[in-house]
Amino acid sequence: MSKFARVVVMTLAVSLMGFSSLGYANPVEEEPSAFAMTADALFARPVLLATTIVGGAVYVVSLPFSLLGGNAKEAGETLFLGPAEATFVRCLGCTQSGRKQDTVANTQ
């Protein structure tokens, strides 16, 4: 790899790392449409439920190997907890996992 190519790759990598934090600077308020909620309820949630079940089975089968490798926690989070969170702890029609934040009213 030439010196110029290394400089370009390194500049790109640093830029991507720097700009990725901008997406987390402000909370995203989602207002899903009725179509998005319907599609989520009829298509996405059943697929995510199946992914959670299959991921749990794969985790159990791979548990001896991930215990030997020392990454059982990461495997569990990736294979089971991630899909489970997307299935059960996400507002209907939203694209980001997690609960929708309640608005706090200032009563002063």
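Look above for the structure.
Quick caveat: nothing in here was measured; it's all calculated off a predicted structure.

Caption draft 1: Examining the state of the cysteines more closely. As enumerated under the stated definition, the model contains one disulfide in all. Through a disulfide, Cys91 is tied to Cys94; the S-S separation comes to 1.6 Å. Residues Cys91 and Cys94 are joined by a disulfide whose S-S torsion is about -65°; by sign, that bridge is left-handed.

Caption draft 2: Structural context of the side chain of Thr87. Assignment of secondary structure puts Thr87 in helix α3 (residues 72-88). At 3.4 Å, the side chain of Thr87 and the side chain of Thr52 are in polar contact. Residue contacts for Thr87: discarding those within four places in its chain leaves Arg45, Leu48, Leu49 and Thr52.

Caption draft 3: Seen up close, the pattern of salt bridges. By the definition in use, this model includes two salt bridges. Two residues, Arg45 and Asp40, come together in a salt bridge whose shortest N-O distance is 3.2 Å. Both residues of the pair, Arg45 and Asp40, count as buried. In this structure, the salt-bridge partner of Asp40 is Arg90, at a minimum N-O distance of 3.1 Å.

The rules behind these values
Residues numbered from 1 in each chain as written. Predicted model: local features only at pLDDT ≥ 70, side-chain atom pairs only at ≥ 80, totals over all residues. Heavy atoms only, no water. Disulfide = S-S within 2.5 Å. Helix = DSSP H or I, 4+ residues; strand = E, 2+ residues; numbered from the N terminus. Polar contact = N/O pair within 3.5 Å; in protein donor to acceptor, adjacent residues only side chain to side chain. Contact = heavy atoms within 4.5 Å. Salt bridge = Lys/Arg side-chain N within 4 Å of Asp/Glu carboxyl O. Buried < 20%, exposed > 50% of the residue type's maximum accessible area, 1.4 Å probe, protein only.

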